[in-house]
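Letter by letter, the chains look like this.
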Amino acid sequence: MMDGFAAAFLTAGALLTLLAGIGVVRFPDVTSRMHAAAKAPVLGIMLCGIGVAFAVQTVETTIIVALVIVLQLITSPVGSHLLARSIYHQLHPHIDGVDELAAADEDPPETV
Amino acid sequence: MTLLATLLATPVLASSLTSSLMVWPPLVILAVAALLFTYRLLVGPTLPDRIIALDGLLAAVLAGILVGAAISESTVPIIAVLLVALVGFVATGALARYVERRGG
Amino acid sequence: MTILLAFLAALLFACGTWLLMQRRLSRIIIGVGLLGHGANLLLVTAGGPGGLAPLIGADDNFGRYSDPLPQALALTAIVITFGVTAFLLALGFRSWQITRDDAVEDDVEDRFVALLNQEQSAAQEAAESSSDAPDESQSWEGS
Amino acid sequence: MIVALLALHCVVGISAVALHHRLSRWAFAVAAVPAFVTLVSLATRLRAVLDGEPIVEEFSWVPQLGLSFVLRVDAFAALMVLLVSGIGLLVCVYAVGYFSHPKPGTGRLAGLLTLFAGAMLGVVVSDHLLAMFVFWELTTVTSYLLIGNDDWSPEARDAALMAILITGAGGLAMLAGLVIVGQAAGTYQISELATAAPLSGSAVTVGVICILIGAFTKSAQVPFSGWLPGAMVAPTPISAYLHAATMVKAGVFLMARLAPALADIGPWRPLVLGVGAATMVVGGWRALRQHDLKLLLAHGTVSQLGFLTMLVGAGAYDVAQAGAVLLLAHGAFKAALFMVVGIVDHQTGTRDVRRLHGFGRGWTPVMVVGVVAAASMAGLPPLLGFIAKEKALDAATGDEQFMLVAIVAGSILTVAYSGRFVLGLLGRLGEPDADVVSRDAPVPGWGLVAPSVVLTVFTVVAGLAPVIVDRFIRASTTSLYADSHPANVKLWAGFNTALVLSGCIIAAGAVLVWRHATVSAAQDRFHTAIAWVPSNDRAFWGAMSVLARSAKHVTATVQNGSLPLYLMVILAVAALAPLGPAVSELDTWPAIVGDVPVHIPLAAVIAAGAIGAAVVRRRIAAALLLGAVGYAMAGFYVVQGAPDLALTQFAIETLATVLFVLVLRFLPRQFEAGRAAVTVPIRLAVSVAVGVSVFVLALVASAARRDVSQDQISGEMLARSVPDGKGANVVNVILVDFRGLDTMGEITVLVIAALGAVALARATRGSAPVENDHAGFARLPVVVASSRVLFPSIVVLSLYFLFAGHNQPGGGFVGGLTAGAAISLRYVAGGVTSVRESFRFKPWTILGGGMVLSIGTALVPLLSGRSLLEHSSIERDVVVLGTVKATTALPFDVGVYLVVIGLVLMAFEAFGDDVAPDSGSGSVGSAAP
Amino acid sequence: MTSLVPLTFALPLFAAAISIIGGKWRSFQRVVSVVTLTAVTGVSIALLVGADRDGYVVHRSGGWPAPLGVSLVVDRLAGMMLVVSAIVLLAVMVYAIGQGGEEQRRVSFHPVYLVLAAGVSGSFVTADLFNLFVAFEMMLAASYVLITLGGRPDQVRSGMSYVVISLVASTLFITVLALLYASTGTVNMADLGERLESIPAGTRAAFSLALLVVFGIKAGLFPLFFWLPDSYPTAPGPVTAVFAGLLTKVGVYAIFRTQTLMFGTHEWMGTVLVVVAVLTMVVGVLGAIAQDDMKRILAFHIISQIGYMIFGLGLFTLAGLAGAIFYIVHHIVVKTALFLVAGLVDRRAGSSRLSEVGGLVRDAPVIALLFAVPALSLAGLPPFSGFIAKFALIDAGIDASQWWGVAAALAVGLLTLFSMTKIWSGVFWGAPEEEPSSAPEVAGRLGGPFWMVFATGVLAAASIAISVAAGPLYELAERAAADLLSPGGYIDAILGERP
Amino acid sequence: MTSLRISGIVVWLTALWVMLWRSLSVANVVSGVLVAFAVLAFARLPRMRTTERDDAILISPLAMTWLAVFVLYKLVEANAVLAWEIVTPHNRIRTGVIALPLRTESETAMMVVANLITLTPGTVTIESVGSPAVLYVHVLHLHDLERVRTDLLQIEALSVRAFGSRAARRQLQERIEP
Ligand code: NA
Ligand code: NA
């Protein structure tokens, strides 16, 4: 039973990672690839971690998996933010809709 | 061909999961994902593309380690995942700083 | 050592070698990195096939431990290579400060000798082409 | 006594060199002292020596190599000592007068001359081949310095070089010869050599040739004679001493000493006779062509040396006896003649016969000395030179037909050039249109003339009353040929063939002198005809230029200064050298293609990353691909059961990426497609060779494991880790305990790398960091705020690794590297300023403190007589906390941890600044394409 | 006694650490360095005496028996190397302090130099192949820093080559270590010596050649040496001196140690070594002849002299090995002294280029004398130490009927003499033909600062002392050679007597 | 609603320490506190621009649960959207950059919001300007601008309620209902 859960979570996690991989290969431009890659693996690792917790079933493992998940959630967006920011400023990707940052740069808001 | 045959004939490391069928799919999937990321890493074209791909590859490796931990029912390898979970983004950040300065 | 891993190590060494034999320090550093990975691969597999992490008492209910000694050696090697790479990068940085590039230029003195050698063979050819006019300044007579 | 004399020469010589500024020309007076003392000492012991009781002294040097100083003064040695010290004394007296207007280096000459005399004395008193070689080489060096003493002059330098190279080459050949002969004979002692079993064999033949080459070069035999006339650039007193009386006799001396033992060995006699004869004739011929009186004497000396070579080298006692007389005679007349030429030169400023037109009245003694000495040289009776030549002709009339012919031919030329010398000296060869310099030349003082007078008086007296040298000569001969019964030395030996030949020689020579103009013209025609034959000089300098050219050629080829080419050679050699033997063991092809399926995707990623890194053109992309390889390797480590390695790899990968970024942000984006140092096919070939070699070696090496019965040494480590190493993580126990010594070295490497990186990056601005405002480094509130949480979190993780490492994956390295990642986070968030704020201690202090802690921990056990790095542990029960275990491995690991942190901080110190310290414009953007 | 063994490298390491912390105070650093190196010299002498008395002084780090822990051992050869290198390191340190320069300007000189000293000592005393790698790395890392100290463009250029080549050599070393462990399951040299006997001959030959290449790069063997003459001369004067004297010899030492201990003495290997030795001698000396700079000439002579040492090894006879060991000892002292003189010349005349210098025999006779003694010794002229060294090898070569090797040794000896006269004539005679690149520093009657001249003089005197005491020294070398030829004693000393 | 006023960072570091050791023992807690204080003593945290006492946060367990549920929901939802986007050939991508003016001045709160936005697939924070911050967010599927903006502002409200400081809660209150 627990092994079933484990396998399911592991497979789901792996699939999410695969999904990101496909996205990174398939998506047409760097911004959309970034969206694909920035998050899917986070959830993927989360799911795999839960899978491990089910497979090993010790308090130790559960604690450490929880720690992995929490830390991953805290750190991953920081990297993505930095990367996205540099892509936006340096690669000037095409924006389909509004670009309120570009508008703001032309008319910079007051800063403290 | 013999290489493949030999590889397929060799058992995985000791597993207590009831069915190796349950273990194989995630590893194969992750291997495919890793190769996809590697492809993007190789072709780019922009630097952020490669950074993204490298991050994805790392995620695939980490997921693989987790699967391995599940197979061997060991907590030990997870500590590596923990380390990367906490510090892996620093490399991405540094690379982003590079892009910021030198462009993609 | 399996054929697969031996081949992988060979590939790492070959790619590293390829990168070493040119002029940009950053490429050379990458090459050294690949060589280092190849060497570590050999080290880690030198203890035989993999096994359980050598943590006594934690997971020792089944299987056997992997050989810890090559791991310790590899760890030492990795860290040393890291330190030296840091220094090499500093060299590249210094090179950039001076020349705005990280090219490993040829040795000036050696080029100088090579230049002399070229001049001298050119002079020799010129002398040979102007036939063997006897050197009047020197006679058979000593001093 | 002998040693004391040698030491006296040495001390006086060195003192004179050291004090030459103060002593100036009076240094020669000082230099006369050792010569005088030597003569007096010899005189006191001479009777015993001539009675066949040699003075022997022996000192061992390197007995295992047979190197020892056996010094032995027998009659022949005494004869040589007399020449060396007697003429030395006179030359010193002469030199005081000669150098009446001393130049700055003059005093040094006296010191060097003394040293040379000491060395020469050593040669003649050595009864040991190797000891003699030692002194032999010393004469080479001192004569080099003497010839080149007037170092401003390129001619002097060239002449010195030629002399040292030719005689040096001969010396080395001789050394080989001496060793060969010595090994064959089983002794290096000359006095034992003659009594040793007769030598034979091809090795000995080679050895004999080598020894003769040495002797020929030193004694200026054809074709090695070129250096001697060149050496005449030295001041005349030096020439008189070195190049007439002493050094050139060293070769003759050696042949005289060895001939009794070696003359019967294959090539000895033909070589000695052939070379001696050629030298005698060629030297005479050349002497006849000189206008410079000194050069005339120089070539004459060459000729006489050929004569001597034949005599002493022939290996027969009667000929050798003639040689002994000629040695004495030649020393006396040649030194006197050089002195005369020196006087002329000194008083008139020229030695060219075309500018000499006779001298005034006060010059008569000089002229007499010149004429008498020249007559002795020509072999006119009743002078000592005549006796020598008579003796030689007499001895050669037996079965030495070849020698006889050579002596006759050479002697005719000798008479001729002696006549030419006399004519020149007397002004008969002066050319009318040349400046007349001689007639009003000032009369030389007695100090200048007296020494040559002494020598000439000896020439005359010994010629008239040879009985005064008879005993000496006979004893000398006996000391060379123990069983011989040499005849008395007599002026009148009866009416024999030799006398007739002598008469003919003198007559023929007189004709040549009489028709000197015709002879000169004939000589000129001859030389024009053979102008294609290179002169000694031309041959020597030609050889030197060939040497220089080939050296440049070889060096330019192999030493091309190009790192890629050097690496190509090294890698090719490294790949191919072991490949051959390894392939031969490849018969047992391993059965296993692969053992773990997960290896396949990991290998695929590694391979792709490696190939990608090898071909990609962007710098940073190559770094990323290397990173991919690193991540896959970390995965591989996990699979292999090496979590510590995986942790290290992951942490290092992060740090390496940051370091790459720090440096690559300045460098050009792409690798320039410049001139390839190594062409693609070669690069490919070498790369493939390296790959193949690694592949084969890896398989062969692991296959060899079957043949080794012993267990891996790590087996015991696994067993003893917990009970004795007090740690469950065996890798960590190895790192801090079993092989803590490696770790000690390793942190040292890190410390040094850190110091070096900072020293380099700050090379031009000292050690103080530059504050900069980070114009280009945007402050990102999101990242800064995040890092407020994450920075201390990562540090806590690093401390966990540090403390848990002994039992869990981790340890000081992983901990330190993790903390390094925390520091890198500070950089990402706020640039290098933020990094500098991150800890309360300076990087220096952390780095040094860590090293002190680790190495101090390692050293402490030595104080209590235990081993380096021997850890001790305590286990205490503490209230509330439970059992607390602590081992001294911990402080060691803490040191490691601190060093790694220090390294990272220093790396940011080195190149963390946004604006490079001396980038001139300071704008980094300008460097970007 | 056994506790002294680790002090040879641990003392300098600890001193280096203190020196880093006290980096602000140069005089503190100086005192630490000189005191430490003096202590190391004393310790080394004591160890040599002990080793000569007992054969082997063994220390087991961590108290672990071999091959579990890293064992350290001082045998006669190691003891000799320790003593001579300690003296040289001390002398060069004094010289550097006298010179000021980079030593004065850089915080890092003292700690890095001490680490270099530790690396050198460590290489000599370790009985563990991996630990040898680590000791090499210490020494090399320190050398990377020292060679680029100052950061001049030419230093950066040559530093790149030097570091990269050394790094490649280190990687090859690790690779061989990995393969050796895969074959034998040990890295202890004594243990390896035993276990390698049972592996197939081809594999063992491959290992032996691979290690020869690894150490050959560091030792400067043909055709692996090309980097060396480009790199060494650009370093600061004292640094070049200590590199020239010591670093290559550490490589040579490693070749001696590993080939004799681990692979036995096979005839084919002897032939390989003799051929390599002859090529090294000849190409090295030709390189020297092609140069116009005193330092570069001397740098090429390092190569050519290495050839002699390897020639002695390749004979695989007692006489050959003893001669080679004597040669190493002599050469370390002499070569260092010559480079120190080059530093003095550089300072006194503003250049070390023959065309830019001249007449120093008049202007600085003390320097001339300090050059003459080691130069004549290097050229192998009697009665200096080089003569005995060269003679011993020629004697051994003739004894072993290695005619071509002997001929090459003699010819190269002549060319060395030529080189020395070229320097003498260019530097000490005549007058400069061109303007020197930097301004000469006229400094008193000695021709340079007292401590520089003093240190150089000490080494010149040491060279003479070697020659005077050649008898006992050669006997010692012979005993050391005998140990090398019968490695059983070494193996027993480390692994203990086994049935 | 109970709120605890403690030094958040010390608690977090201690908790982290204890979790790393994977066992809740007195020794671990004590050493954790010591480690936390030691780290804070020897290491210096990055400086914030504002002068707020950042560690004076108030934790509301209930709101935190809500936040967690919301984030997880968004995470799964957005991943599903992305997955659909990836596996179907149909392209719904319409990128845009929207401004998101926050209502709280706390940088911590801003950080949490910005990171949560980034964490949810389809949106990435690319810039944070001024105080109170205006976040600029890159949106992959920008079809209904205001809906996206409202969704994202919801995150701010939830997180401030979960662990905002007193000031942050006040500012949020003031600006939602002025
Ligand atoms: Na003559
Ligand atoms: Na010159």
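Residues numbered from 1 in each chain as written. Chains lettered and ligands numbered in written order. Predicted model: local features only at pLDDT ≥ 70, side-chain atom pairs only at ≥ 80, totals over all residues. Heavy atoms only, no water.

S.K.: I keep staring at the interface of chain D and chain B and nothing clicks. Help me out?
M.R.: It is common to report an interface's size as the accessible area lost on association of the parts. Facing 59 residues of chain D, the contacting portion of chain B comprises 45 residues. Of the roughly 4500 Å² buried between chain D and chain B on both sides combined, carbon and sulfur atoms contribute 79%. On the chain D side of the interface with chain B, the three residues burying the most area are Leu624(D), Tyr631(D) and Phe650(D), jointly 14% of the side's total. Where chain D packs against chain B, one counts zero salt bridges. On the surface where chain D and chain B come into contact, there are six residue pairs in polar contact (both at pLDDT 80 or more). (Contact = heavy atoms within 4.5 Å. Buried area = accessible area lost by both parts, 1.4 Å probe. Salt bridge = Lys/Arg side-chain N within 4 Å of Asp/Glu carboxyl O. Polar contact = N/O pair within 3.5 Å; in protein donor to acceptor, adjacent residues only side chain to side chain.)

S.K.: What should I look at first to understand the coordination of the sodium ion (ligand 1) in this one?
M.R.: Put simply, the ideal angle at a metal is 109.5 degrees for four donors in tetrahedral geometry and 90 or 180 degrees for six donors in octahedral geometry. All names here are of chain D. Ser303 (OG), Gln304 (NE2), Thr414 (OG1) and Tyr417 (OH) make up the full set of protein donors to the sodium ion (ligand 1), lying at 2.0 to 3.0 Å. With a relative accessible area of 0%, Ser303 lands in the buried category. By relative accessible area, which is 3% here, Thr414 ends up buried. (Donors = N, O, S within 2.8 Å, 3.2 Å for Na, K, Ca; no water. Buried < 20%, exposed > 50% of the residue type's maximum accessible area, 1.4 Å probe, protein only.)

S.K.: How do you make sense of the sheet that holds strand 2 (residues 123-129) of chain F when you look at a structure like this?
M.R.: Strand pairing within a sheet occurs via backbone hydrogen bonds; the two strands may be parallel or antiparallel. All names here are of chain F. Across the sheet, three strands lie side by side as 1-3-2; this open sheet has antiparallel pairing. Each edge of the sheet is formed by a strand with only one pairing partner; in this case those strands are strand 1 (96-101) and strand 2. Ignoring strand direction, the axes of neighbouring strands in this sheet form an average angle of 25 degrees. Of the strand pairs in this sheet, strand 2 and strand 3 (residues 134-139) are connected by six bridges, and their pairing is antiparallel. Residue Val129 lies in a different strand from strand 3, and its bridge partner there is Val134. (Pairing = 2+ DSSP bridges. Helix = DSSP H or I, 4+ residues; strand = E, 2+ residues; numbered from the N terminus. Axes fitted to C-alpha atoms, helices over the stretch in contact; angles between N-to-C directions.)

S.K.: Is there a simple way to explain a nonpolar patch on the surface in this structure?
M.R.: Taken together, Val878(D), Val879(D), Val880(D), Leu881(D), Val884(D), Val26(F), Val30(F) and Leu34(F) make up a surface patch of nonpolar side chains, about 670 Å² in accessible area. When residues in the nonpolar patch are grouped by element, the largest group, three residues, is from helix 2 (residues 26-42) of chain F. With respect to the helices and strands, Leu881(D) occurs in the loop between strand 3 (873-878) and strand 4 (882-887). The exposure class of Leu881(D) is partly exposed, given its relative accessible area of 33%. (Patch = residues over 30% accessible without salt bridge, like charges linked within 9 Å, V, L, I, M, F, W, Y side chains within 5 Å. Areas by Shrake-Rupley, 256 points an atom, 1.4 Å probe, with all protein chains shown as cover.)

S.K.: Which parts of the structure should I look at to understand the confidence of the model for chain F?
M.R.: Detailed reading of the predicted coordinates is not advisable wherever pLDDT is low. Residues and elements named next belong to chain F. The predicted model of chain F averages 83 in pLDDT, with 90% of residues at 70 or higher. Note on residues 1-6: pLDDT is under 50 here. Beyond four places in sequence and across chains, it has 11 contacts. With pTM at 0.94, the complex prediction returns an ipTM value of 0.94. (pLDDT = per-residue confidence, 0-100.)

S.K.: Would you mind going over the arrangement of the chains with me for this structure?
M.R.: Separating chain A from chain E is a minimum C-alpha gap of 33 Å, and the two share no contact. Looking at chain C next to chain F, you find no contact at all, with the nearest C-alpha pair sitting 14 Å apart.

S.K.: Even after reading the chapter, I still don't get the nonpolar core, so can you show me in this structure?
M.R.: Grouped burial of nonpolar side chains is what soluble globular proteins tend to show. Grouped together as the largest cluster of nonpolar side chains are 780 residues, with contacts concentrated most on Phe650(D) and Phe428(E). Ala109(F), Ala157(F), Ala168(F) and Leu172(F) belong to the second largest nonpolar core, which has five residues in total. (Core = buried A, V, L, I, M, F, W, Y, C linked by side-chain atoms within 4.5 Å.)

S.K.: Sorry if this is basic, but what is going on with helix 30 (residues 730-738) of chain D here?
M.R.: Helical geometry: 3.6 residues make up each α-helical turn, so side chains three or four residues apart lie on a common side. Within helix 30 of chain D, nine of the nine residues are buried, which leaves the element mostly enclosed by the surrounding structure. Within helix 30 of chain D, the full set of buried residues consists of Val730(D), Val731(D), Asn732(D), Val733(D), Ile734(D), Leu735(D), Val736(D), Asp737(D) and Phe738(D). Where helix 30 of chain D is buried, its residues contact helix 3 (68-99) of chain C together with helix 27 (643-664), helix 29 (714-725), helix 31 (740-761) and helix 35 (889-911) of chain D.

S.K.: Would you take a moment to explain unusual backbone geometry for this structure?
M.R.: Excluding glycine, most residues fall at negative phi; most peptide bonds, likewise, are trans. With an omega dihedral of 0 degrees, the bond running from Gly44(B) to Pro45(B) counts as a cis peptide bond. Checked against the element boundaries, Pro45(B) lands in the loop between helix 2 (20-43) and helix 3 (47-72). Going from Val222(D) to Pro223(D), the amide bond is cis rather than trans, its omega being 5 degrees. Its place among the elements puts Pro223(D) in the loop between helix 9 (202-218) and helix 10 (227-230). Even without a glycine there, the phi angle at His92(A) is positive, about 45 degrees.

S.K.: Could you clarify how one ought to interpret the pairing of strand 2 (residues 71-74) of chain E in this entry?
M.R.: Residue and element names in this part refer to chain E. Burial of the side chains of strand 2 extends over both faces: Ser71 and Val73 are buried on one face and Leu72 and Val74 on the other. Bridge analysis of strand 1 (residues 57-60) against strand 2 gives four bridges, and the strand direction is antiparallel. Looking at strand 2, one finds that His59 is bridged to Leu72.

S.K.: How should the environment of Gln22(C) be read in this particular structure?
M.R.: Along the chain, Gln22(C) falls in the loop between helix 1 (3-20) and helix 2 (25-46). Assessed through its relative accessible area of 9%, Gln22(C) is described here as buried. Those residues in contact with Gln22(C) that lie beyond four places of it in its chain are Arg27(C), Ile28(C), Pro564(D) and Arg683(D). A distance of 3.5 Å separates the side chain of Gln22(C) from the backbone nitrogen of Arg24(C), its partner in a polar contact.

S.K.: What is the right way to read a positive patch on the surface from this model?
M.R.: On the surface, a cluster of positive charge is contributed by Arg840(D), Lys842(D), Lys24(E) and Arg44(F). Within the element layout of this structure, Arg840(D) appears in the loop between helix 33 (812-837) and helix 34 (843-863). A residue is classified by how much of its surface remains accessible, and Arg840(D), at 46% relative accessible area, is partly exposed. (Lys, Arg positive; Asp, Glu negative; His and termini not counted. Charge placed at Lys NZ, Arg CZ, Asp CG, Glu CD.)

S.K.: For this particular structure, what's the right way to read the packing of aromatic side chains?
M.R.: Residues and elements named next belong to chain D. One pass over the structure, following the stated rule, counts 58 aromatic pairs over all chains. An angle of 0 degrees between the planes, with centres 5.7 Å apart, marks the rings of Phe76 and Phe253 as stacked. One end of the pair, Phe76, is in helix 4 (residues 75-98); the other, Phe253, is in helix 12 (residues 249-262), with 177 residues separating them in the sequence. Of the residues examined, Phe76 reaches a relative accessible area of 1% and is grouped as buried. Under the relative-accessibility criterion, Phe253 is labelled buried at 0%. (Phe/Tyr/Trp six-rings, centres within 6.5 Å; stacked < 30°, edge-to-face > 60°.)

S.K.: I'm lost on the interface of chain D and chain E in this one. Help?
M.R.: Across the contact, 109 residues belong to chain D and 122 residues belong to chain E. For the pair chain D and chain E, the summed buried area comes to about 9600 Å², and 76% of that belongs to carbon and sulfur atoms. Looking at the side of chain D facing chain E, the largest losses of area belong to Trp61(D), Leu65(D) and Ile713(D), adding up to 7% of the total buried there. Here chain D and chain E share two salt bridges between them. Across the pair Asp151(D) and Arg362(E) runs a salt bridge whose closest N-O atoms are separated by 2.2 Å. Across the chain D-chain E interface, the total number found is 21 residue pairs in polar contact (both at pLDDT 80 or more).

S.K.: Sorry if this is basic, but what is going on with the packing of helix 9 (residues 201-219) of chain E against helix 12 (residues 267-289) of chain E here?
M.R.: A pair of packed helices can be characterised by two numbers: the angle between their axes and the separation between those axes. Residue and element names in this part refer to chain E. Running from amino to carboxyl end, helix 9 crosses helix 12 at an angle of 25 degrees, the nearest separation of the two axes being 12 Å. Here helix 12 runs roughly parallel to helix 9, going by the angle between their axes. For helix 9 against helix 12, the interelement crossing comes out right-handed. Residues Ala205, Ser208, Leu209 and Leu212 of helix 9 pack against Trp268, Met269, Val272 and Leu273 of helix 12. Considered class by class, the residues forming the contact of helix 9 with helix 12 number seven nonpolar, one polar and no charged. (Parallel < 35°, antiparallel > 145°, perpendicular 65-115°, else oblique. Left-handed = near helix turned anticlockwise from the far one by under 90°. Nonpolar A, V, L, I, M, F, W, Y, C, P; charged D, E, K, R; others polar.)

S.K.: Help me understand the pairing of strand 1 (residues 55-62) of chain D, please; the structure alone is not making it clear to me.
M.R.: The two faces of a sheet get side chains in turn, since along a regular strand they alternate between them. Residues and elements named next belong to chain D. In this sheet, strand 2 (residues 67-73) lies alongside strand 1 in antiparallel orientation, the contact comprising seven bridges. The partner of Ser60 across the bridge, within strand 2, is Ser68. Where strand 1 hands over to strand 2, the hairpin turn is made up of four residues, of which Gly66 adopts a positive phi near 75 degrees.

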